Amino acid sequence: MFLKNKSLRFFSIFFLIFCILTAITFYGVYLKKQSLPPYIGKDLTTKEMNEVIKRNSPLTSYVHLTENADFPRQSKIKKITIHHMGANLTLEKLGESFSKRDRQASSNYAIDDHGNVALYVEEENRAWTSANADNDHQAITIEVANETIGGDWKISNQSYQKLIDLCVDICQRHSIEKLVYTGDKNGNLTMHKMFDADTICPGPYLESKMADIAKSVNEKLENETKG
Ligand SMILES: [Zn+2]
């Protein structure tokens with residue numbers, strides 16, 4: 001059909017281009033979804049959860065995988081980076097927050113106030129946690145719930161003990177012989193504020209414990225090697 005009306009013809013061409021671009025965009029999104037690992041962004045059955053936990057820390061008791069990550073990470077795992085939640089969230093609530101695409105945030109693990117461990121980004125992938133791609137491609141990142149909000153942002157003793165156990169487990173499974181805390185980003189035990197001047201994360205309490213965390217983890221690593 002030949003359109004005599006010039007503006008109608010212009011509109012038809014415009015509409016056709018619009019349709020083609022929309023189709024390309026949807027196809028791109030479809031391809032991206034196809035390339036994501038399975039189980040992202042959905043509630044898992046116990047069987048599915050156990051399957052995921054087998055590839056990660058056996059200390060994990062809750063899994064909610066988020067799309068906010070790079071698949072896969074681009075470096076061998078050499079570091080651990082500590083964060084605090086800046087809140088006392090349940091593992092489910094934190095998972096909900098990490099599943100929001102516009103929040104652009106995630107962590108590999110989190111530990112709640114009772115010492116339960118959640119996994120949001122599998123270890124083989126890079127979580128978006130420390131505002132530093134170079135660090136997070138090399139690090140397993142861990143968020144810890146705060147027992148006190150504000151002040152020194154204390155964490156509970158149960159969370160603290162589980163943090164030590166999780167670090168020991170990560171070091172053993174990734175052949176990290178020793179955790180070194182240097183107070184700056186050169187060590188392999190790092191914290192968020194080393195990479196972002198605008199944050200106090202992981203808070204004064206955890207910051208004061210960083211050297212102790214390295215010491216306790218190393219003692220356990222040594223003892224378990226001897227044993
Ligand atoms: Zn942080």
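Look up: the structure comes first, before these words.
Reading the values: rules and limits
- Residues numbered from 1 in each chain as written.
- Predicted model: local features only at pLDDT ≥ 70, side-chain atom pairs only at ≥ 80, totals over all residues.
- Heavy atoms only, no water.
- Disulfide = S-S within 2.5 Å.
- Buried < 20%, exposed > 50% of the residue type's maximum accessible area, 1.4 Å probe, protein only.
- Core = buried A, V, L, I, M, F, W, Y, C linked by side-chain atoms within 4.5 Å.
- Helix = DSSP H or I, 4+ residues; strand = E, 2+ residues; numbered from the N terminus.
- Contact = heavy atoms within 4.5 Å.
- Polar contact = N/O pair within 3.5 Å; in protein donor to acceptor, adjacent residues only side chain to side chain.
- Salt bridge = Lys/Arg side-chain N within 4 Å of Asp/Glu carboxyl O.
- Pairing = 2+ DSSP bridges.
- Axes fitted to C-alpha atoms, helices over the stretch in contact; angles between N-to-C directions.

Chemist: An account of the state of the cysteines is requested, with residue identities and associated values reported.
Modeler: Going through the model one piece at a time under the given rule, you end up with zero disulfides. The thiol of Cys-167 is unpaired, and the distance to the nearest cysteine sulfur, on Cys-171, comes to 6.5 Å. On the basis of relative accessible area, Cys-167 is assigned to the buried category, the value being 0%.

Chemist: I'd like a description of the nonpolar core, backed by residues and values.
Modeler: In this structure, Ile-80, Ile-142, Leu-163, Leu-179, Ile-213 and Val-217 are the most contacted members of the largest nonpolar core, which totals 52 residues. The element that contributes the greatest number of residues to this core is helix H5 (residues 157–173), accounting for eight residues. In this view, Ile-80 contacts Ala-139, Ile-140, Ile-142, Cys-167, Ile-170, Cys-171, Leu-179, Asn-188, Leu-189 and Thr-190; residues no more than four positions away in its chain are not counted.

Chemist: Describe in detail the side chain of Thr-81, supporting the description with residues and values.
Modeler: Its place among the elements puts Thr-81 in strand S3 (residues 79–84). Owing to a relative accessible area of 0%, Thr-81 belongs among the buried residues under this scheme. Among the polar contacts listed, one links the side chain of Thr-81 to the side chain of Thr-190, at a separation of 2.6 Å. Residues in contact with Thr-81, not counting those within four places in the same chain, are Ser-130, Asn-135, Ala-139, Ile-140, Thr-141, Ile-142, Thr-190, Met-191 and His-192.

Chemist: Kindly report on the pattern of salt bridges, identifying the contributing residues and their values.
Modeler: Per the counting criterion, the structure on display carries 11 salt bridges. Residues Arg-126 and Asp-70 are paired through a salt bridge, measuring 2.8 Å at the closest nitrogen-oxygen approach. With Arg-126 in strand S6 (residues 126–127) and Asp-70 in strand S2 (residues 69–70), this residue pair connects regions lying 56 residues apart in the sequence. Of the residues examined, Asp-70 reaches a relative accessible area of 23% and is grouped as partly exposed. Overlapping salt bridges, with partners in common, bring together Glu-123, Asp-169 and Arg-173 in one network.

Chemist: Describe the sheet that holds strand S8 (residues 189–191), and please don't skip the residues or the numbers.
Modeler: Spatially, the six strands line up as an open sheet ordered S1-S5-S4-S7-S3-S8, and their pairing is mixed. Strands with a single pairing partner mark the edges of an open sheet, and in this sheet they are strand S1 (60–63) and S8. Taking the axes of each pair of neighbouring strands and ignoring which way they run, one obtains an average angle of 30° across the sheet. In the sheet, strand S4 (residues 109–111) pairs with strand S7 (residues 139–144) via three bridges, with the strands oriented parallel. The residue bridging Tyr-109 from the neighbouring strand is Ile-142, located in S7. Across the face of the sheet, helix H6 (residues 203–226) comes into contact with S3, S7 and S8 while running at roughly 175° to S8.

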